[in-house]
Amino acid sequence: MNNNYRLPNIKKGFVHTNVKTVEQRAVLLGNYLPATKSIAEVCCGNCFYQYQIYERELQIQKFLGLDIVPAVVEANKRQGVPCVCGDALNGAVLKNFLDFDVIFFGPPLSIECDGHQLMTFNEVVPSYSEFVELLVGELKYGGTFICICPKTTTMGDIRKLYNAVKIQNDKYGLAVIHYSYSDITSDGTVTESRLKYVELWFSTALEDRWEIQESKPDK
Ligand SMILES: C[S@@+](CC[C@H](N)C(=O)[O-])C[C@H]1O[C@@H](n2cnc3c(N)ncnc32)[C@H](O)[C@@H]1O
């Protein structure tokens, strides 16, 4: 295993995506890609909300999580969430995800996945560019994939990743840049509305519009 990987400190607990962000993703999927039947979550962490909300809101037929930490995979399975153990940067592992309509790539965005010691776009490991080289370049994935990026992600970071995707497959465009705000943390604590993620929705099926979508809890 790559020593630079950011693994959750299970003893301290670790953040997973707050329920409002997952609901916002379901709304966008319903609007942009209503025919979605299968969704995978790579670097899934605890993905119970995703599993539950995508099944309920989108009636998907298949969901699968991937995480490198066996305890995380077991915790998901105990909640009934389909999940496998492996490295997102291992081609033999990732090729099992090629027939999913949509893949969310949500690498750790904070040290020990604590939600506090935040990383910048360039510090994230596994990096977005390595993931794209493998998924789009080597494995020739053609579906929609969504890179979940830190809230500090800039337009320069976005352009760099866009170029990296286009080099691998020119049919891809960046359809949506989603700014996800939430007023609830992953453990359910209520806060003021805060920007949580910048998500880059790459697709061969949607227009290359760089459309800005802001989801706020009070909207
Ligand atoms: C906290 S979760 C992110 C949750 C969710 N995907 C999101 O959007 O917020 C990050 C997970 O990535 C896992 N992870 C880190 N490096 C990985 C790798 N190389 N391959 C697969 N999973 C990895 C960690 O074990 C951790 O559970």
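Refer to the structure above for everything that follows.
Residues numbered from 1 in each chain as written. Predicted model: local features only at pLDDT ≥ 70, side-chain atom pairs only at ≥ 80, totals over all residues.

For the protein, the helix and strand inventory stands at six helices and eight strands. Helices (α) and strands (β) of the protein occur, in sequence order from the N terminus, as α-β-α-β-α-β-α-β-α-β-α-β-β-β. At 16 Å, the protein has a C-alpha radius of gyration in line with the 17 Å of a compact globule built from 219 residues. Counting over 219 residues, the protein shows a buried share of 42%. Taking the intrachain contacts of the protein between residues at least 6 apart in sequence as the baseline, contacts between residues at least 24 apart amount to 72%. (Helix = DSSP H or I, 4+ residues; strand = E, 2+ residues; numbered from the N terminus. Rg over C-alpha atoms; globule rule 2.2 N^0.38 Å. Buried ≥ 20, exposed ≤ 12 C-beta atoms within 10 Å, placed from the backbone. Contact = placed C-beta atoms within 7 Å.)

Taken in spatial order, the eight strands line up as β3-β2-β1-β4-β5-β7-β6-β8 in an open sheet, and their pairing is mixed. Where the open sheet ends on each side, the last strands, each with one partner, are β3 (83-85) and β8 (211-215). Going from strand to strand, the sheet's axes swing by 20 degrees on average, the running direction of each strand aside. Direction of pairing for strand β1 (residues 38-42) relative to strand β4 (residues 102-105): parallel, over a ladder of four bridges. Note that in β4 the partner of Glu41 across the bridge is Phe104. Contacts from helix α3 (residues 70-78) reach β2 (62-67) and β3, with the element oriented near 165 degrees to β3. Along the sheet face, helix α6 (residues 155-168) touches β5 (144-149), β6 (173-184) and β7 (190-203) and points at about 30 degrees away from the line of β7. (Pairing = 2+ DSSP bridges. Axes fitted to C-alpha atoms, helices over the stretch in contact; angles between N-to-C directions.)

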